[in-house]
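Breakdown of the fold
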Amino acid sequence: METKFNFKSQVCTNRVQSERLLELGLKKETADMRWERISEKYAYYPSTKTPYASSDIPAWSLGRLVEMMPNTIHNKRILAYLTIMNDRVLYDTIKNETYSAFTNNNGLFAAVVDAVEWLIKEGYFNKEYLEE
């Protein structure tokens, strides 16, 4: 039986996104996946197997990234709630006014990484997940 569906869902951050998150200061211990190289001849592939090797690159699933993001942003001016759609990440106010929005032509993972970068720069990201 031939299927008409051709899903190519991204399961974790790609290597570029992973390296960007590490550069932003995320602790590699917060990653729930990794890019594993099985030998010098073969390319990296995503894995959840443990223990990790020193040559592995940490990777984050969408669930892990969302879990680390604050559900709300609250400061003196605003109370905004996290909303994730299939192609964007938003922090909206109770009046449905967008406080901050992230859309990326490269997909939802890219938008989430953009949002994480903004959260870190604005001081909203949980410092427990960041290198000191």
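One structure accompanies this document, and this report is about it. Bear in mind the structure is a predicted one, so any value in this text is a computation, not a measurement. (Residues numbered from 1 in each chain as written. Predicted model: local features only at pLDDT ≥ 70, side-chain atom pairs only at ≥ 80, totals over all residues. Heavy atoms only, no water.)

1. Considerations on the pattern of salt bridges
Pairing is possible between side chains of opposite charge, provided their charged atoms come close. Note the cut-off: In the sections that follow, a salt bridge refers to a side-chain nitrogen of Lys or Arg positioned within 4 Å of a carboxyl oxygen of Asp or Glu. Numbering of helices and strands starts at the N terminus; helices are DSSP runs of H or I of at least 4 residues and strands are runs of E of at least 2.
Considering all chains together, one arrives at 7 salt bridges under this definition. For R34, the salt bridge identified is with E36, shortest N-O distance 3.7 Å. Here E67 ties to R64 by a salt bridge, and the two come within 3.4 Å at their closest N and O atoms. Here R64 and E67 lie together in helix α2 (residues 62–68), a separation of 3 residues that amounts to about one turn.

2. Quick notes on the nonpolar core
The condition that has to hold: The criterion is simple. A nonpolar core is a set of buried Ala, Val, Leu, Ile, Met, Phe, Trp, Tyr and Cys residues joined through side-chain atoms within 4.5 Å. Burial here depends on accessible area, computed with a 1.4 Å probe over protein chains only, as a share of the maximum for the residue type. Under 20% is buried, over 50% is exposed, and the range in between is partly exposed. Pairs of residues are marked as contacts when any of their non-hydrogen atoms sit within 4.5 Å.
Within the largest apolar cluster, 27 residues are counted, with the highest numbers of intra-cluster contacts made by L21, L26, M69, V89, Y91, V116 and F125. Among the elements of the structure, α1 (15–24), α2, β5 (79–84), β6 (88–93) and α3 (108–122) are those that each provide at least two residues to this core. Here this core takes 10 residues from α3, the largest share from any one element. Non-local contacts of M69, meaning those with residues more than four positions away in its chain, are made with L82, V89, Y91, V112, A115, V116, L119 and F125. By size, the runner-up hydrophobic cluster in this structure holds 6 residues, among which are M33, Y44, I57 and A59.

3. Considering the sheet that holds strand β1 (residues 33–37)
Threshold: Two strands form a pair only when DSSP identifies at least two bridges running between them. Angles run from 0 to 180 degrees between N-to-C directions of axes, and those axes are lines fitted to C-alpha atoms, restricted for helices to the stretch in contact.
An order of β2-β1-β3 is seen for the 3 strands of this open sheet, with the pairing classed as antiparallel. Looking at the sheet topology across the chains shown, the edges are occupied by β2 (44–47) and β3 (57–59). Between one strand axis and the next, the sheet turns through 35 degrees on average, direction left out of account. Looking at chain direction, β1 and β3 are connected through 3 bridges and run antiparallel. Bridging from a neighbouring strand, W35 pairs with I57 of β3. Its contacts with the sheet put α1 on β1, β2 and β3, and the angle it makes with β3 is roughly 95 degrees.

4. With respect to a nonpolar patch on the surface
Applicable threshold: Patches here: salt-bridge-free residues with over 30% relative accessible area, like charges joined within 9 Å, nonpolar side chains (Val, Leu, Ile, Met, Phe, Trp, Tyr) joined within 5 Å. Accessible areas in this description were obtained via Shrake-Rupley with a 1.4 Å probe; residue shielding takes into account the shown protein chains only.
A contiguous nonpolar surface patch, about 290 Å² in accessible area, is contributed by L79, Y81 and I94. Mapped onto the elements, L79 comes out in strand β5.

5. Some details on the sheet that holds β6
With respect to topology, 4 strands assemble into an open sheet ordered β4-β5-β6-β7, the strand pairing being antiparallel. If you trace the sheet from one side to the other, it starts and ends with β4 (72–74) and β7 (98–103), each paired once. Averaged over all pairs of adjacent strands, the angle between their axes in this sheet comes to 15 degrees, without regard to strand direction. When β6 meets β7, the two strands line up antiparallel, connected through 5 bridges. Among the inter-strand pairings, R88 is bridged to a residue of β7, identified as T103. Running over the sheet, α3 touches β4, β5, β6 and β7 and is turned about 45 degrees from β6.

6. Comments concerning the pairing of β5
If a strand is regular, its side chains alternate between the two faces of the sheet. Relative to β5, β4 runs antiparallel, the two sharing 3 bridges. Bridging across to β5, H74 finds its partner in L79. Linking β4 back to β5 in an antiparallel pair, the connection comprises 4 residues. Hairpin connection, β5 to β6: the antiparallel pair is bridged by 3 residues.

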